[in-house]
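A look at the structure
Chain by chain, the residues:
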Amino acid sequence: GCDFTAQCCSTVDTNIDDAIKLIDKVKGTNLPEIKVAVIDSGIASNSATKDRLDGGYSYLDGYSEDGTDDRKGHGSQVAGTIILNTLDNVRLYSYQILDANGDGLLSNAVSAIYLSITDGCKIINCSFGFVNSAFYSSMVEAVEFATNNGVTIIAASGNDSLELNTSQEYPARCEDAIAVGAVNHNKVLASFSNFGKGVDIY
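Definitions and cut-offs
Here the residue index of a chain counts from 1 through its sequence in written order. Given that this is a predicted model, residues contribute local features only at a pLDDT of at least 70 and side-chain atom pairs are listed and counted only at 80 or more, while totals for whole chains, interfaces and linings are drawn from all residues. Values reported for side chains reflect all heavy atoms of the structure, with hydrogen atoms and water molecules removed beforehand. Salt bridges, as used here, are contacts in which a Lys or Arg side-chain nitrogen is within 4 Å of a carboxyl oxygen on Asp or Glu. Only DSSP runs of H or I covering at least 4 residues are called helices, and only runs of E covering at least 2 are called strands; the numbering of each starts at the N terminus. Buried residues are those whose accessible area, probed at 1.4 Å on protein chains only, stays under 20% of the maximum for their type, while exposed residues exceed 50% and partly exposed ones sit between those limits. Nonpolar cores are built from buried Ala, Val, Leu, Ile, Met, Phe, Trp, Tyr and Cys residues. Side-chain atoms within 4.5 Å join them into one set. Expected span of a helix, by definition, is 1.5 Å for each gap between consecutive residues, and there is one gap fewer than residues. Here a polar contact is recorded for every N or O atom pair within 3.5 Å, except that within protein the pair must consist of a potential hydrogen donor and a potential acceptor, and residues adjacent in sequence are included only if both atoms are side-chain atoms. Contacts are assigned to residue pairs with any non-hydrogen atoms lying within 4.5 Å of each other. Only the six-membered ring of Trp is used, alongside the rings of Phe and Tyr, when aromatic pairs are assigned; centres must lie within 6.5 Å, and planes under 30 degrees apart are stacked while those over 60 apart are edge-to-face, with the rest tilted. Whether a charge lies above a ring is judged from NZ of Lys or CZ of Arg, which has to be within 6 Å of the ring centre and within 35 degrees of the ring normal.

**Description of the pattern of salt bridges**
Scanning the entire structure with this criterion turns up 3 salt bridges. With a closest N to O distance of 2.9 Å, D54 and R91 form a salt bridge. Of this pair, D54 sits in strand β2 (residues 53-58) while R91 sits in strand β3 (residues 90-96), and the two are 37 residues apart along the sequence. The class of D54 is partly exposed, set by a relative accessible area of 36%.

The structure is reproduced here in structure tokens:
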């Protein structure tokens, strides 16, 4: 029952469709498989995702062990955005750390980063943030480990309308993570988005 509509305006307003068309010309060739980890609320397995979803794991009690019991919908929307803007060689792995309320533990997020690297993921999407956690150093170490192993961490800058450095949002605050802020449909900073030094792209 989750919505898979891509809700990122940039996928509509930029020339990404042109890029996809260029890649599409080589569809018949043997493109390398790219494994992308989505650490989030899970990815529901349905007609929109089942052909791209290759694995996963849930850290939550009472949820499906494979990370496909998404009761929040956020992870499924992230997956929808990736699916709509990539070719079939991009494979998704769901690591469920957030429950139906969007709550989760930093320790599970850190563990999910290590597990996804073990599973061969080369890109890890972290559309979450932990603020002022006593254990943030473990997240910094996990992101550094990922980077040292050729894995790219993409992290949400946060939705607190604060300077990123003030918000203490992790993993976005990690030096090696690519921190992403939000713009609205007018291509200006969204009112809720964190911003400033440390944000790499909007």
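Moving on from the model shown.
**Some thoughts on unusual backbone geometry**
Between Y170 and P171 the backbone carries a cis peptide bond, its omega angle lying at 15 degrees. Tracing the backbone shows P171 in the loop between β7 (169-170) and β8 (178-180). Despite not being glycine, S161 has its phi angle at roughly 55 degrees, a positive value. Mapped onto the elements of the fold, S161 is located in the loop between β6 (152-156) and α6 (164-167). At K187, a residue that is not glycine, the phi angle is positive and equals roughly 65 degrees. Residue placement: K187 occurs in the segment after β8. What makes K187 exposed here is its relative accessible area of 57%.

**Regarding the environment of A100**
Within the secondary structure, A100 is located in the loop between β3 and α4 (106-118). According to the relative accessible area criterion, A100 is partly exposed, its value standing at 34%.

**As for the nonpolar core**
If you look at the biggest cluster of nonpolar residues, it comprises 32 residues, and the most contacted ones within it are I39, I97, I113, I124, F128, M139 and I153. Sort the elements by how many residues they give to this core and α4 lands first, with 6 residues. By size, the runner-up hydrophobic cluster in this structure holds 10 residues, among which are V38, I43, I82 and I83.

**Concerning α4**
Counted at 1.5 Å a residue, the expected span for α4 with its 13 residues is 18 Å, and the 19 Å between its end C-alpha atoms agrees. Following α4 by one or two positions, G120 has its phi on the positive side, about 95 degrees.

**Observations concerning the side chain of S167**
Within the secondary structure, S167 sits in helix α6. Accessibility expressed as a relative area gives 3% for S167, which makes it buried. Separated by 2.9 Å, the side chain of S167 and the backbone oxygen of L164 make a polar contact. At 3.4 Å, the side chain of S167 and the side chain of N194 are in polar contact. The residues touching S167, leaving out its near neighbours within four places in the chain, are V131, S157, L162 and N194.

**Looking at the packing of aromatic side chains**
The tally for this structure, following the rule as stated, stands at 4 aromatic pairs. Over the face of the ring belonging to Y63 we find R71, whose NZ or CZ atom lies 3.8 Å from the ring centre.

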